[in-house]
Amino acid sequence: MKAHILATTAAAALLSACTTAPGGEMDPIADAAVDAGISIPNGTGYFASDSDLPFQAPNFDAISQEDYIPAFEQAMRIHKAEIEAIKANPAPPTFSNTIVALEKSGRMLGRVSRVFFALTGSNTTDRLDEINTEISPKLTAHGDSITLDPVLFQRVKAVYDNRAATSMTPEDATLLENTYEGMVHAGALLTEAQRERVKAINTELTTLTTEFGQQAKAAMADQPVIFDNRSDLAGLSDSDIKAAADFAAEKGFPGKYAIALQNTTQQPSLPSMENRAAREKLFMASFHRADGTTDFDTRQLIAEIAELRAEKAALFGQPDWATYAMWDRMAETPKTALDFMEQMVPALAATQRREAAMLNAAIKADGGNYEVKPWDWYRYANRIKAEQFDLDEDAMTEYFQLDKVLEDGVFYAAGKLYGLRFERRTDLPVYHPDVWTYTVFDRDGSELGLFYFDPFQRPSKRGGAWMSNFVDQSFLWDTKPVIYNVLNIPKAPAGEPQLVSFDNVNTMFHEFGHALHGFFADQRYESLSGTATARDFVEYPSQVNEVWATYPEVLSNYAKHYQTGETIPQAMIDKIEAASKFNQGYDFGEVVEAALLDMKWAALSKEEAAALDTPAKVDAFERNSLKELGLEIDLVPPRYRSTYFNHIFSGPTGYSAGYYSYLWTEMLDRDSRKWFMENGGLTRANGDHYRETVLSRGGTMDYFKMFENFAGRAPDVTPMLEARGLIAGDEAADSEVSDGALPGTATE
Ligand SMILES: [Zn+2]
């Protein structure tokens, strides 16, 4: 699972749709402004106009930190004046003078937001962070003031109500529908009093979820686990133990040892630790994070957040937050997402029990007289895995050199499938010397776009890997995509070969899958262009692209030993593939449990949420919700417990009622891989077909329809369950886990 962010903040996501007018074309905003007698201020400074570099690439050499606040403020004023002009237009509302005008508004704001939020993610400074804190609430309020403007909505509604009588392209129709439904979803059809309550709830949710994020972070970062004796850490490397001693001293515990907690319930040090009591201590500290065991306690916050979300949903006439939040998803309803996950439970529970029995046998053989617990799990699972599959990940890494993986692997596969060609260039300004740029050429030799590759870990970069655009493809603006991939690969010391772990090789293919989705965008409107798709769809093309990392023809082209130049032995790859089905009762189980727990919280009615009025009731609700699932939750706890489940409780919306998306897109991905392999693998014909049916479609059509156009049928969960080792390939046809039919696929 990859951390991944397409749009940097909710505000940026909203604004990324906004945009100015290219020369020559009729400008509905300027026309409206003249007719309504409204003057729109001119911007000044770098962000006032399009960059004059090739592809409108940002000119980082011409931007200073102190440009941002004035640029944001000016851009919001201009955007506001544009909206006033659209509202005051004396002409009756039309698709062009209202919907297209809205799409075109806020161009300067889009320009400054894209550059600013790219840098706060990948190359931030204290000053940029400060500006972010100052500007984010203003951007949210600015966005709300537009989406909740009743006069503007009346114009949008008039165009929408008259849509049957208007001749429009399918893309126009989608833009109209999205604009209208987006405003309705924000509260445009509510009464004045209800709208005020929604605004108040939004503000309160922002406060509570920010507080949750801070508490959950503090419960992790401010509470390292302290061990008294070196022997407690037996099994860790000498350098790790020294780091633990230094860290303890730094935290005010000289002579002791401290281990910092990491994000998930499982902790990376556990498999190496020989001392079982120490393992239990570390695990329990992680598991009881922010649940009142120490000074931190997020339980009351969670209950309040759940209640406010349910109240907001009720204002919209919806039974629960999940139903409200899933309006624009591919899965559409909570039931579809739940049915999808619950069908996996029997096989998953059986796998968990089978794996536990295997681990208990290993413990016994090792002379232990105890039953496996979560803090023992990976120690024994990893040991069995290493014995059974004879894996040596370090030896493997010697075959992966960064530049070869990118140019002879990632780019090579894109060449074979889609006919793309890449040319490194060094003439464009970059925001950090370690960023590489390439011109991308299409199958007919024309320029397709610009690609920035920012591979290395550094303190100014947040964790994870992601893709986004500096410039979106749009025929309306006549722009081609300018796309970046950011990763966190440890940089080799000067003079040493730059090798990459197998995990990061996969991440490189993954992020470039997002880039392809952006490069093949073929849309008129930015807000529907490329990766502007539903949360439970956007990770699909990126996951599919990972399949080429281990495809023999691609692998033999890029995976060469850094000293001998010898191609990676196929046996090494076969081991990785075989090992990928191992331990799925835990690896997959903890994700499914977290996804189901998310849906349980999101399915509460206002009354049910209000009844969770003590921390003990919050505990009981979590425990009962998990127990109901039928999985072995005491052996395999969820990847996140509620009290530190940042995805769903940090940020006003976040991944709430959406954590299942990772599993959903994996289903689409695995099914698509199967299609590719059944149809000849890495061929131009297959690539062109995928580009035509999926990668070029942006957010312009129904996602099930897109998938059907590609695969010739509805998505099937079976290949995913096979890949996870939950059902064997040859048993799939008569397995009771899945008959191949997916609930809720019959849309349209
Ligand atoms: Zn991704």
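A brief report on the enclosed structure follows. Computed from a predicted model, the values in this text were never measured in an experiment.

Focus on the packing of aromatic side chains
According to the stated counting rule, one finds 55 aromatic pairs in the structure shown. Aromatic side chains Phe 72 and Phe 116 sit 5.3 Å apart centroid to centroid with 90° between the ring planes, which places their arrangement in the edge-to-face category. Here Phe 116 lies in helix α5 (residues 107-122) and Phe 72 lies in helix α3 (residues 68-88), a separation of 44 residues in the sequence. In terms of burial, Phe 72 and Phe 116 fall into one category: buried. An aromatic cluster is defined as three or more aromatic residues linked by ring pairs; in this entry it consists of Phe 537, Tyr 540, Trp 548, Tyr 551, Trp 675, Phe 676, Tyr 690, Tyr 703, Phe 707 and Phe 710. The ring of Trp 477 carries Arg 107 above its face, with NZ or CZ at 4.1 Å from the centroid. The cationic tip of Arg 276 hangs over the ring face of Tyr 370; the distance from NZ or CZ to the ring centre is 3.6 Å.

Focus: the environment of Phe 55
Examined against the element boundaries, Phe 55 turns out to sit in the loop between α2 (28-36) and α3. The spatial distance from the C-alpha of Phe 55 to the C-alpha of Val 471 is 8.0 Å, given a sequence separation of 416 residues. Once residues within four sequence positions are removed from consideration, Phe 55 is found in contact with Arg 425, Thr 439, Glu 447, Gly 449, Leu 450, Val 471, Lys 480 and Val 482.

Remarks on empty space enclosed by the protein
Considered as a void within the structure, the second largest cavity measures approximately 70 Å³ in volume. Around the second largest cavity, the lining residues are Ala 306, Arg 309, Ala 310, Trp 321, Asp 598, Trp 601, Ala 602, Leu 604, Ile 648, Phe 649 and Ser 656. At the level of elements, α12 (299-315), α23 (584-602) and α26 (646-649) are the ones that each hand at least two residues to the lining of the second largest cavity. Here the residues of the lining of the second largest cavity sort into 8 nonpolar, 1 polar and 2 charged.

Some details on the layout of surface pockets
The volume enclosed by the second largest pocket comes to roughly 480 Å³. Secondary-structure elements contributing two or more residues to the lining of the second largest pocket are α8 (170-186), β5 (447-456) and α28 (684-695). When its residues are assigned to classes, the lining of the second largest pocket shows 8 nonpolar, 8 polar and 11 charged.

Section: unusual backbone geometry
Its identity is not glycine, yet Phe 55 carries a phi of approximately 60°, on the positive side. With relative accessibility at 15%, the residue Phe 55 sits in the buried group. Even without a glycine there, the phi angle at Asp 478 is positive, about 60°. Within the secondary structure, Asp 478 is located in the loop between β6 (466-471) and β7 (482-489).

As for a negative patch on the surface
Taken together, the side chains of Asp 392, Glu 393, Asp 394, Glu 398 and Asp 503 define an acidic patch exposed on the protein surface. Inspection of the secondary structure assignment puts Asp 392 in the loop between α16 (374-389) and α17 (393-397). A relative accessible area of 44% places Asp 392 in the partly exposed class.

Things to note about the side chain of Arg 279
By the secondary structure assignment, Arg 279 is in helix α11 (residues 276-287). Take Arg 279: its relative accessible area is 1%, and that puts it in the buried class. Of note is the side chain of Arg 279, whose polar atom sits 3.4 Å from the backbone oxygen of Glu 274. Here Arg 279 is in contact with Leu 270, Met 273, Glu 274, Tyr 370, Trp 375, Asp 376, Arg 379 and Tyr 380, once residues within four sequence places are set aside.

Cut-offs and rules
Residues numbered from 1 in each chain as written. Predicted model: local features only at pLDDT ≥ 70, side-chain atom pairs only at ≥ 80, totals over all residues. Heavy atoms only, no water. Phe/Tyr/Trp six-rings, centres within 6.5 Å; stacked < 30°, edge-to-face > 60°. Helix = DSSP H or I, 4+ residues; strand = E, 2+ residues; numbered from the N terminus. Buried < 20%, exposed > 50% of the residue type's maximum accessible area, 1.4 Å probe, protein only. Lys NZ or Arg CZ within 6 Å of the ring centre and 35° of its normal. Contact = heavy atoms within 4.5 Å. 1 Å grid on protein atoms, 1.4 Å probe; cavity = no way out; pocket = protein on both sides within 12 Å on 5 of 7 lines; lining within 4 Å. Points joined across faces, edges and corners; volume = space filled by probe spheres on them. Nonpolar A, V, L, I, M, F, W, Y, C, P; charged D, E, K, R; others polar. Patch = residues over 30% accessible without salt bridge, like charges linked within 9 Å, V, L, I, M, F, W, Y side chains within 5 Å. Areas by Shrake-Rupley, 256 points an atom, 1.4 Å probe, with all protein chains shown as cover. Salt bridge = Lys/Arg side-chain N within 4 Å of Asp/Glu carboxyl O. Lys, Arg positive; Asp, Glu negative; His and termini not counted. Charge placed at Lys NZ, Arg CZ, Asp CG, Glu CD. Polar contact = N/O pair within 3.5 Å; in protein donor to acceptor, adjacent residues only side chain to side chain.

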